[in-house]
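# Structure at a glance
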Amino acid sequence: MPLPQEFHDIAARVNNWGRWGADDEIGTLNLITGRVVREAAACVRSGRRVPLALPLRQDGVQTGAIPGRVNPLHTMTAVNHEIFGPGTVATSDDAVTMGLQCATHWDGLAHVSHSGRLYNGRPAHTVTAHLGATALGIERATPIVSRGVLLDVARVHGTDRLPPGHAVTPEDLDAAEELARTAVRPGDIVLVRTGQLRHYLDGDRQAYAFPSPGLSLRTPEWFRARDVAAVANDTLTFEIFPPEIEDLWMPVHALHLVEMGMPQGQNWNLEELSAACAEAGRGAFFLSAAAEPFVGGTGAPVAPVAVL
């Protein structure tokens, strides 16, 4: 099914191609300036550190529905091995096989294409089978450190978890912004809580994966108007799934990654952060969320930490 005109109309309104030059490979991360980081540091008051990553484990969030996106397979390659001979210091080593986007992660700008193009008009064929992303690879991402803002949409609706069919709207984001007691500013990283991750934390991977609440097709313009640097949430699919428009699969991915050049994150654990922000009476904090620099990666695991 061709992309509908509604999609192309939104794409034209949010497009950032050429905004930071024809050779740009980091998109909206350009908005995280030194001034933005200095202002982010001013958010640290108590010093409370809240981890936002899921543990990397073999029984992680992946169910096999996405081919190749395997949960971590952890293998010991050495166990108390006296490498320099008997009686010397012994070492243990290990290795892991995993999908780079299998748990808490960033989607890089090469993760999605549409109409044969990636962000900034690069051809989709620059992603190759042997080298991965030869342009727009996740290693290009500058250190992702900025002011974070939690938009707790589930709390706005007075629930622990939004219902599966809930498409998060700009009106939801407005209400959550008011709850956060701050205005989203250029260069901010926005974390949208739906509460969907509670399914996984309660041991139900299938309910976590599908069906899922998520960002609606109307939200990219909200983020573009505020010049948000990146967005992450607590779902497997990021956007509402199944989609709002029949057979229009992953349109928010395409608008964020291809048109806007804006990284997006999935499988972030925002439960402790929700409680911490409610207790502190504010939704802004210092956020450290640098992607692991896998050369040619279309995404990367991340262990984000919010500091209040």
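Presented here is a report on the structure given in the accompanying data block.

Quick notes on the rules
Residues numbered from 1 in each chain as written. Predicted model: local features only at pLDDT ≥ 70, side-chain atom pairs only at ≥ 80, totals over all residues. Heavy atoms only, no water. Helix = DSSP H or I, 4+ residues; strand = E, 2+ residues; numbered from the N terminus. Rg over C-alpha atoms; globule rule 2.2 N^0.38 Å. Buried < 20%, exposed > 50% of the residue type's maximum accessible area, 1.4 Å probe, protein only. Contact = heavy atoms within 4.5 Å. Lys, Arg positive; Asp, Glu negative; His and termini not counted. Charge placed at Lys NZ, Arg CZ, Asp CG, Glu CD. Polar contact = N/O pair within 3.5 Å; in protein donor to acceptor, adjacent residues only side chain to side chain. Salt bridge = Lys/Arg side-chain N within 4 Å of Asp/Glu carboxyl O. Pairing = 2+ DSSP bridges. Axes fitted to C-alpha atoms, helices over the stretch in contact; angles between N-to-C directions.

## Observations concerning the overall build of the chain
Along its length, the chain carries nine helices and 15 strands. The C-alpha radius of gyration of the chain comes to 20 Å, within 12% of the 19 Å expected for a compact globule of 308 residues. Seen through its principal axes, the chain has C-alpha atoms that stretch 70 × 50 × 40 Å. Split into buried and exposed, the 308 residues of the chain put 52% on the buried side. Expressed as a percentage of contacts within the chain between residues at least 6 apart in sequence, the contacts between residues at least 24 apart total 76%. Once the 24 positive and 34 negative side-chain charges of the chain are each reduced to a mean point, those two points are 6 Å apart.

## A short note on the environment of Ala-90
Here Ala-90 lies in the loop between strand 2 (73-81) and strand 3 (91-97). Ala-90 sits 52 residues away from Thr-142 along the chain, and the two C-alpha atoms are 37 Å apart. Filtering out sequence-adjacent residues up to four positions away, Ala-90 remains in contact with Asn-80, His-81 and Glu-82.

## Focus: the side chain of His-114
Its place among the elements puts His-114 in the loop between strand 4 (105-107) and strand 5 (127-128). Polar contacts involving the side chain of His-114 include one to the side chain of Ser-115, which spans 2.9 Å. If we ignore the near neighbours within four places in the chain, the residues touching His-114 are Leu-3, Phe-7, Ala-254, Val-258 and Glu-259.

## Side note on the pattern of salt bridges
Under the counting rule described, the total for this entry stands at 19 salt bridges. Two residues, Arg-198 and Asp-160, come together in a salt bridge whose shortest N-O distance is 3.8 Å. Within this pair, whereas Arg-198 is found in helix 5 (residues 197-201), its partner Asp-160 is found in the loop between helix 3 (153-156) and strand 8 (167-168), the two being separated by 38 residues in sequence. Accessibility expressed as a relative area gives 28% for Arg-198, which makes it partly exposed. For Glu-271, the salt bridge identified is with Arg-193, shortest N-O distance 2.9 Å. Of the two residues, Glu-271 sits in helix 9 (residues 271-280) while Arg-193 sits in strand 9 (residues 189-193), which places them 78 residues apart along the sequence.

## Some remarks on the sheet that holds strand 9
Taken in spatial order, the nine strands of this open sheet run 1-15-13-7-9-11-12-4-14, and their pairing is mixed. Both edges of this open sheet fall to strand 1 (49-51) and strand 14 (299-301), since each of them pairs with a single strand only. Strand-to-strand twist of the sheet, defined as the mean angle between neighbouring strand axes without regard to direction, takes the value 30°. For strand 7 (residues 145-152) and strand 9, the ladder comprises five bridges, and the chain directions are parallel. Directly across from Gly-148, in strand 9, lies its bridge partner Ile-189. Sheet contacts for helix 4 (residues 170-180): strand 7 and strand 9; angle to strand 7, the most-contacted strand, approximately 110°.

## Some remarks on the pairing of strand 13 (residues 284-288)
Within strand 13, four of the five residues are buried, leaving the element largely enclosed by the surrounding structure. The pairing of strand 7 with strand 13 spans five bridges and is classified as antiparallel. Considered in strand 13, the bridge of Val-145 is made with Ser-288. As paired strands, strand 13 and strand 15 (residues 305-307) are joined by three bridges and run antiparallel to one another. Looking at the pairing, Leu-287 lines up with Ala-306 of strand 15.

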